[in-house]
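Residue-level listing of the chains:
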2 protein chains.
Amino acid sequence: MTSKLPLLRKELFDIPKDIIYLDGNSLGPPIRGSTECADQVISDEWGQELIKAWNTAGWMSLPQTVGNQIAPVIGVSPDTVATGDTLSIKLYQALAAALSLRPDRRVLLSDAGNFPTDLYMAQGLIDTMDRGHKLRTPPPEEVLDSINERVAVVFLTHVDYRTGRVHDIEGITRRAHEVGAVTIWDLAHSAGAVPLSMESSHTEFAVGCTYKYLNGGPGAPAFIYVRPDIVTSITPALTGWLGHRDPFAMELKYRPSASTERFRIGSPSIIQFKLLELAMRVWEDVDMAELRASSIALTSLFIEEIERRCPMLTLVTPRDPEQRGSQVSFASEHGYPIMQALIERGVIGDFRRPNIMRFGIAPLYLDENDIVKAAEILEEIMKNETWRESKYQQIKGVT
Amino acid sequence: MTSKLPLLRKELFDIPKDIIYLDGNSLGPPIRGSTECADQVISDEWGQELIKAWNTAGWMSLPQTVGNQIAPVIGVSPDTVATGDTLSIKLYQALAAALSLRPDRRVLLSDAGNFPTDLYMAQGLIDTMDRGHKLRTPPPEEVLDSINERVAVVFLTHVDYRTGRVHDIEGITRRAHEVGAVTIWDLAHSAGAVPLSMESSHTEFAVGCTYKYLNGGPGAPAFIYVRPDIVTSITPALTGWLGHRDPFAMELKYRPSASTERFRIGSPSIIQFKLLELAMRVWEDVDMAELRASSIALTSLFIEEIERRCPMLTLVTPRDPEQRGSQVSFASEHGYPIMQALIERGVIGDFRRPNIMRFGIAPLYLDENDIVKAAEILEEIMKNETWRESKYQQIKGVT
């Protein structure tokens, strides 16, 4: 139980000593040096350079810099990732672009397990366009068979936010392309959690957020990957001035940037971007295969420990490690108070209605001792039913 | 020259001693205490509370808190302002909502002086909708006469970003409503610069950014005001999960929040929001009429000093103080190198192609001595033509 896993980097994080943090799938912890980073951008750049910092401190190109830090983590080439805004907005851009690429098709295919904002943004786009598009949300296991020639775009979240079940990116993308559909992969629960090869999947688009396994901080900017061969054929739906070819020409007509940068919209949130830039440096020497090996070892151990100690809980995450991300979820009708009791004991996971307890396993700051200790605490809570006494403070994690 | 203007609050700002900052219309300077604020949110909230901070540190309601700080500054009631994203996105939401309120009309009326991103976002919406809408951009002085029964929405930036000329909010809104058009006012260069009474104007929408005269920081969140009587009749075009009536129900179908909060989209940029919350506290005891009086005194003094000392420069800002915001612009064919020479001497304004030098006058941190000193330095640069030797480093301020 004391073997050091290859990817353990606890010293990079500032996690309180008495906490076992199993919610990095919702909000990753701060990288050490984050306060100094914020001090520097506020005092030295904003404070000293003022407006000049857009150039002298590299603010203007920061979204591109960060995009190039994200690129290797999701398995794509440099200069193919635009960053900024939120995942909802980046997905909207991808969906609108996908529909513009397939003007004669009317079906948007997702699944009933997708994170709701993805479905809401799609429905909002459909309503704005008002041209008879339909959103289909079959159960996740029926997606592959639902892909046909009427489908304009297949958009799915790779790792299910509740169960941790993974979709087959390669297989679904291949099937979609066979029938002429465009694909968008939402990597919210994948980036920094599992190895990704988005370029070799040939998907047209991928989107994601950076505040989960990438540890960019609350409300950190989102990203969009666009397959390079289609970039110049797309005029984004949200045509902001920073996506213009020459923003400071202040032209009345929009002319998109020649690159993926055309997916930029308005002013980047510089302080969040600087914190994200710092957090992304961690990934420069992370071997994703090693990370995956650690993740599988830890999630397997967690499943084994909990099932042995707490047989009344029901595993809802796939038992086959190939079929899950870096998260383990258990169902219980008492899931909400049990999670509250765990949090009171310093084991932080989260709860998703109606009955799911989620535990994110981030190998950069968790080891086998943490996993066993968390399982022991959960066992005590279940055996003694101390969850019946827990305070019912709602934890509303932004997934 | 040493009389203290009523609104001077230099002690609240951390501006370098050798700088006269005349670019707060592009990026306001940091409020003193900003680094401590960032430290606290990063170390104590994100670092210690981790995911729990969404509740324990009030992150979830922060956009609403900040909206209520902005409300009095733009002259509207509490709980009518939603915050987040960028101004481009908030304008898109307002435009889409306006068109949904006037489904039988096809003209979007703005003007050729509007900030380009507003026009780009409108054109992007028109293209996405693809229902024959047209964007009209007459010269600013012809807007009033261009408002007719074919116009669905009039959207204008109140204070022109180049010239500082103000539009007549009351008059244009009244004319628009007479013919059944909806209005959207972009307050980018107005909020924190001039007194505003958006509620009594009866405009349906107002949008703005917070990193100029409100000093929220680079990439600070934007805002949207929606007239309370129409909120519930609008389903926003960008329907993100945080605009849902019950985000954590994780429903497949979008049901908008009962309030203006339905204009929220995705995860708020918490660290930027905290800095903005700090900056907005300054406005709690600012009398906007006093601010306006100081602004007029300082802009008038600046015009007088520059015209006397530098007759070769051409004023492009209205001479009548009632017709201008808190900015003064001069034109010169050598505007770019002149501005560079000024910046090298510590007087920071900015340049807008083809020939405009902009000077933002923020009475909270500028006094008469600063204005005269800046004019003296500009006079020296013009007399000695030292601008011919200035380094040509492009200043790309985000307007």
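Residues numbered from 1 in each chain as written. Chains lettered and ligands numbered in written order. Predicted model: local features only at pLDDT ≥ 70, side-chain atom pairs only at ≥ 80, totals over all residues. Heavy atoms only, no water.

**Points about the overall build of chain A**
Helices and strands together make up the secondary structure of chain A, namely 12 helices and 13 strands. Relative to the compact-globule value of 21 Å for 399 residues, chain A shows a C-alpha radius of gyration of 22 Å, a close match. By principal-axis analysis of the C-alpha atoms, chain A measures approximately 70 × 55 × 35 Å. By the burial criterion, 67% of the 399 residues in chain A qualify as buried. (Helix = DSSP H or I, 4+ residues; strand = E, 2+ residues; numbered from the N terminus. Rg over C-alpha atoms; globule rule 2.2 N^0.38 Å. Buried < 20%, exposed > 50% of the residue type's maximum accessible area, 1.4 Å probe, protein only.)

**Observations concerning the sheet that holds strand β8 (residues 222–226) of chain B**
Residues and elements named next belong to chain B. One open sheet accounts for 7 strands, arranged β2-β8-β7-β6-β5-β3-β4; its pairing is mixed. Of all strands in the sheet, those with a lone pairing partner are β2 (81–84) and β4 (134–136), marking the two edges. For this sheet the average axis-to-axis angle between neighbouring strands, irrespective of direction, equals 20 degrees. Note: strand β6 (residues 182–186) against strand β7 (residues 205–208), 3 bridges, orientation parallel. By the bridge assignment for β7, Trp185 is matched with Ala206. Helix α3 (residues 62–74) contacts β2 and β8 of the sheet and is inclined by roughly 120 degrees relative to β2. (Pairing = 2+ DSSP bridges. Axes fitted to C-alpha atoms, helices over the stretch in contact; angles between N-to-C directions. Contact = heavy atoms within 4.5 Å.)

**Focus on the sheet that holds strand β13 (residues 356–360) of chain A**
Each strand in a sheet pairs with its neighbour through backbone hydrogen bonds, running either in the same direction (parallel) or in the opposite one (antiparallel). All names here are of chain A. An order of β9-β10-β13-β12 is seen for the 4 strands of this open sheet, with the pairing classed as antiparallel. Of all strands in the sheet, those with a lone pairing partner are β9 (314–315) and β12 (350–352), marking the two edges. Bridge analysis of β9 against strand β10 (residues 327–331) gives 2 bridges, and the strand direction is antiparallel. From the neighbouring strand, Leu315 faces β10, where its bridge partner is Phe330. Lying over the sheet, helix α11 (residues 335–344) contacts β12 and β13, oriented at roughly 35 degrees with respect to β13.

**Details of the packing of helix α10 (residues 288–309) of chain B against helix α12 (residues 368–384) of chain B**
Residue and element names in this part refer to chain B. Orientation of α10 relative to α12, taken along the N-to-C sense of each, is 20 degrees, at an axis distance of 9 Å. As far as their axial angle goes, α12 and α10 are roughly parallel. Judged by the twist between their axes, the crossing of α10 over α12 is right-handed. Residue-level inspection shows Leu298, Leu301, Phe302, Glu305, Ile306 and Arg309 of α10 in contact with α12, the latter providing Glu368, Ile371, Val372, Ala374, Ala375, Glu376, Leu378 and Glu379. (Parallel < 35°, antiparallel > 145°, perpendicular 65-115°, else oblique. Left-handed = near helix turned anticlockwise from the far one by under 90°.)

**Considerations on the relation of the copies chain A and chain B**
Once turned by 180 degrees and shifted 0.0 Å along the axis, chain A lies on chain B with an RMSD of 0.0 Å. Here the two chains are linked by the operation of a two-fold rotation axis. Taking C-alpha positions as the reference, the residue of chain A nearest the rotation axis is Met129 of chain A, at 2.3 Å. A share of 100% of interface residues in chain A that are also interface residues in chain B marks the association as one of identical surfaces. (Least-squares fit on C-alpha atoms with pLDDT ≥ 70 in both.)

**Quick notes on the confidence of the model for chain A**
Overall, the prediction assigns chain A a mean pLDDT of 95, with 96% of residues at 70 or greater. For this predicted complex, the interface confidence comes out at an ipTM of 0.96, alongside a pTM of 0.96. (pLDDT = per-residue confidence, 0-100.)

**Description of the environment of Gly58 of chain A**
Relative to the helices and strands, Gly58 of chain A is located in the loop between α2 (53–56) and α3 (62–74). As for Gly58 of chain A and Val153 of chain A, which are separated by 95 residues in sequence, their C-alpha atoms are 36 Å apart.

**Considerations on the interface of chain A and chain B**
Across the contact, 87 residues belong to chain A and 87 residues belong to chain B. The junction of chain A with chain B conceals about 7,600 Å² of combined surface from both sides, 69% of it contributed by carbon and sulfur atoms. The largest share of the area that chain A buries against chain B comes from Trp46, Ile51 and Tyr120 of chain A, three residues that together contribute 11% of it. Of the charged contacts in the structure, one is a salt bridge between Asp246 of chain B and Arg353 of chain A, with a shortest N-O distance of 3.1 Å. At the boundary of chain A and chain B, one finds 30 residue pairs in polar contact (both at pLDDT 80 or more). Counting residues per element, the ones that place at least two in the side of chain A that touches chain B are α1 (34–49), α2, α4 (87–101), α5 (116–129) and α9 (270–281) of chain A. For the side of chain A that touches chain B, the residue count by class is 44 nonpolar, 30 polar and 13 charged. (Buried area = accessible area lost by both parts, 1.4 Å probe. Salt bridge = Lys/Arg side-chain N within 4 Å of Asp/Glu carboxyl O. Polar contact = N/O pair within 3.5 Å; in protein donor to acceptor, adjacent residues only side chain to side chain. Nonpolar A, V, L, I, M, F, W, Y, C, P; charged D, E, K, R; others polar.)

**With respect to helix α10 (residues 288–309) of chain A**
Compared with an ideal rise of 1.5 Å per residue, which puts 22 residues at 32 Å, α10 of chain A spans 31 Å between its outermost C-alpha atoms and is within 8% of the ideal. At the N-terminal end of α10 of chain A, a side-chain oxygen is found 2.8 Å from the backbone nitrogen of Ala289 of chain A, two or three residues along, and the residue is Asp287 of chain A. (Expected span 1.5 Å × (residues − 1).)

**So, helix α9 (residues 270–281) of chain B**
Every α-helix winds through 3.6 residues per turn, so residues three or four apart in the chain are directed the same way. The end-to-end C-alpha separation of α9 of chain B is 17 Å, in line with the 16 Å expected for 12 residues at 1.5 Å each. With 11 of its 12 residues buried, α9 of chain B lies for the most part within the structure. For α9 of chain B, every residue scored as buried is listed here: Ile270, Ile271, Gln272, Phe273, Lys274, Leu275, Leu276, Glu277, Leu278, Ala279 and Met280 of chain B. The secondary structure elements touched by the buried residues of α9 of chain B are α1 and α9 of chain A together with α1 (34–49), α2 (53–56), α3 and β2 of chain B.

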